[in-house]
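The chain contents come next:
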Amino acid sequence: MTVDNIIILAAGKGTRMGEIGKDLPKVLWPLLDKTLLEWQILYAKSLFSNAKIHINVFNYKSKILDFVEKNKQSFKDINIIEEELELDVGGAIHNVARNLSYKGRLLILNGDQFLFFSNELAKIKMHENENLMMAYNVNSNMGYNALKLKDAYFESVINNSEISTNTEIITYTGMSIINLSSLEPKPGKSKFFDTVINSNQNRTKVETLNDLEYWDFGTYDRYIESVDRLLSLDTSKFSLFLKKNTTMFEGAQKEYRKNKAIVFGALRIGADSITKDM
């Protein structure tokens, strides 16, 4: 299986990032010597090195574009898509699909999440007009919605409130590969499960990821938890990835274990709080 294009979703408001998030776009929060967005580009390249990378921006557009301008080397050959209206995830995918004439396969990545797993995406077989959704097993008590499947194909989303407590479910990771020719063109704002993955419009195979490491920096608390876990663990698939792309990791790990705090850029991250250098 080949992927022609990758979109990194970076247009969100970042409303769950606390007071700091009102000024600092979530995708520009630092991790070691790079921002989450720069790490996401390297991550995308590690999955499909020949794919064209697109990044959509809307909220905090000027700040993100200013950062891109000042760090051109990190964004070399990256296509920045400036949205004129808030499109939501479905609308953002259709926006890039129109630019690609609804042709080829598009990998969708969230700008604040990193997934490491043993499945080899390039070896997964997909029929020409099918989509692929990556999923994983979790306990319903974690609050996630579930995917309803039939013969390993997506049927619908089950709201967590409708699921029994302490039940194992399969939930969506946020990563998927969309065959753009399977979409019915839709302009403007739309939801992902209305206009992209929809069993009434297309077929979507669900691949359960094995040996999954799921790293989520999408809220204030999860950012703190992920930094703590990353620097506290002796090793992880994520740390091995980071070490390939920076020399800072081991020094940061030693400092954090000693002081239970670390400074990344303008942020000082402690075990339970973050402060920003004004």
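Our subject is the structure listed above.
Parameters and conventions
- Residues numbered from 1 in each chain as written.
- Predicted model: local features only at pLDDT ≥ 70, side-chain atom pairs only at ≥ 80, totals over all residues.
- Heavy atoms only, no water.
- Pairing = 2+ DSSP bridges.
- Helix = DSSP H or I, 4+ residues; strand = E, 2+ residues; numbered from the N terminus.
- Axes fitted to C-alpha atoms, helices over the stretch in contact; angles between N-to-C directions.
- Buried < 20%, exposed > 50% of the residue type's maximum accessible area, 1.4 Å probe, protein only.
- Contact = heavy atoms within 4.5 Å.
- Core = buried A, V, L, I, M, F, W, Y, C linked by side-chain atoms within 4.5 Å.
- Salt bridge = Lys/Arg side-chain N within 4 Å of Asp/Glu carboxyl O.
- Arc of directions from axis to C-beta.
- Phe/Tyr/Trp six-rings, centres within 6.5 Å; stacked < 30°, edge-to-face > 60°.
- Expected span 1.5 Å × (residues − 1).
- Parallel < 35°, antiparallel > 145°, perpendicular 65-115°, else oblique.
- Nonpolar A, V, L, I, M, F, W, Y, C, P; charged D, E, K, R; others polar.

Participant: When you look at the sheet that holds strand S15 (residues 267-270) in this model, what are you seeing that I'm missing?
Facilitator: Strands belonging to one sheet form pairs held by backbone hydrogen bonds; the direction of such a pair is parallel or antiparallel. Here three strands make up an open sheet; going across it, the order is S14-S15-S16 and the pairing antiparallel. Since the sheet does not close on itself, it has two edges, and those belong to strand S14 (261-264) and strand S16 (274-276), each with one partner. The sheet shows a mean angle of 20° between the axes of neighbouring strands, taken without regard to direction. With four bridges joining them, S14 and S15 adopt antiparallel strand pairing. Among the inter-strand pairings, Phe 264 is bridged to a residue of S15, identified as Leu 267.

Participant: How should I be thinking about the environment of Lys 276 in this particular structure?
Facilitator: Residue placement: Lys 276 occurs in strand S16. Classification of Lys 276 as partly exposed rests on a relative accessible area of 28%. Separated by 257 residues in the primary sequence, Lys 276 and Glu 19 have C-alpha atoms spaced 9.9 Å apart. Not counting the four nearest positions on each side in its chain, Lys 276 is found in contact with Ile 20, Asp 23, Ala 266 and Leu 267.

Participant: I'm lost on unusual backbone geometry in this one. Help?
Facilitator: When glycine is set aside, most residues are seen to have a negative phi, and most peptide bonds are trans. Phi is positive for Tyr 60, close to 60°, though the residue is something other than glycine. Mapped onto the fold, Tyr 60 is located in the loop between strand S4 (52-57) and helix H2 (61-70). Look at Asp 88: it is not a glycine, yet its phi comes out positive at around 65°. Topologically, Asp 88 is positioned in helix H3 (residues 88-99).

Participant: Could you clarify how one ought to interpret the environment of Leu 36 in this entry?
Facilitator: Positionally, Leu 36 belongs in helix H1 (residues 36-47). With 24 residues separating them in the primary sequence, Leu 36 and Tyr 60 have C-alpha atoms 15 Å apart. Among all residues touching Leu 36, those that are not within four sequence positions of it are Lys 26, Val 27, Trp 29, Leu 31, Gly 111, Phe 114 and Phe 217.

Participant: In this structure, what is going on with the nonpolar core? I would like to understand it.
Facilitator: One recurring pattern in soluble globular proteins is that nonpolar side chains are buried together. Core analysis: the biggest nonpolar cluster contains 66 residues, and Leu 31, Tyr 223, Phe 238 and Phe 264 have the highest contact counts within it. Broken down by element, the residue count for this core peaks at six residues, all from H1. In this structure Phe 238 touches Leu 31, Phe 114, Phe 116, Glu 213, Trp 215, Phe 217 and Leu 230, once residues within four positions along its chain are discounted. Ile 81, Ala 92, Ile 93 and Leu 106 belong to the second largest nonpolar core, which has 22 residues in total.

Participant: What exactly am I supposed to notice about the pattern of salt bridges here?
Facilitator: Taken as a whole and judged by the stated rule, the model has 14 salt bridges. Here Lys 72 makes a salt bridge to Glu 69, at a shortest N to O gap of 3.1 Å. Residue Lys 72 is classed as exposed on the basis of its relative accessible area, which comes to 53%. The partner of Glu 120 in a salt bridge is Lys 123, with the nearest N and O atoms 3.5 Å apart.

Participant: Quick question: what am I supposed to make of helix H7 (residues 249-259) here?
Facilitator: Buried within H7 are the following residues: Phe 249, Ala 252, Gln 253 and Tyr 256. Projected onto a plane normal to the axis of H7, the buried residues spread over an arc of 100° and lie on a single side. In this structure, H7 carries Lys 254 and Lys 258 as exposed residues pointing more than 90 degrees from its buried face. For H7, the secondary structure elements touched by its buried residues are helix H5 (220-232), helix H6 (237-243), S14 and S15. Lys 260 sits one or two positions beyond H7 and adopts a positive phi of about 55°.

Participant: Is there a simple way to think about the packing of aromatic side chains in this case?
Facilitator: Aromatic rings in a pair are described by how distant their centres are and how their planes are angled relative to each other. In the structure shown here, the tally under the stated rule is 20 aromatic pairs. Seen from their ring centres, Trp 29 and Tyr 223 are 4.9 Å apart, and the 75° between their planes marks the pair as edge-to-face. Within this pair, whereas Trp 29 is found in the loop between strand S1 (5-9) and strand S2 (30-31), its partner Tyr 223 is found in helix H5, the two being separated by 194 residues in sequence. Accessibility assignment for this pair places Trp 29 and Tyr 223 in one class, buried.

Participant: How should H3 be read in this particular structure?
Facilitator: Given 3.6 residues to a turn, an α-helix orients residues that are three or four positions apart in the same direction. With 12 residues, H3 extends 17 Å from end C-alpha to end C-alpha; this agrees with the ideal 16 Å at 1.5 Å per step. Within H3, the full set of buried residues consists of Gly 90, Gly 91, Ala 92, Ile 93, His 94, Asn 95, Val 96 and Ala 97. On the buried face of H3, the contacting elements are S1, S4, strand S5 (79-82), strand S6 (105-110) and helix H4 (192-195). Two residues or fewer after H3 comes Ser 101, characterised by a positive phi angle close to 60°.

Participant: Sorry if this is basic, but what is going on with the packing of H5 against H7 here?
Facilitator: How two helices sit against one another is set out by the angle between their axes and by the gap between those axes. The geometry of H5 relative to H7 is characterised by a closest axis approach of 9 Å and an angle of 105° between their N-to-C directions. Between H5 and H7, the angle falls in the class roughly perpendicular. Facing H5, whose interface residues are Asp 228, Leu 230, Leu 231 and Ser 232, H7 presents Phe 249, Ala 252, Gln 253, Tyr 256 and Arg 257. Broken down by class, the residue content of the contact of H5 with H7 amounts to five nonpolar, two polar and two charged.

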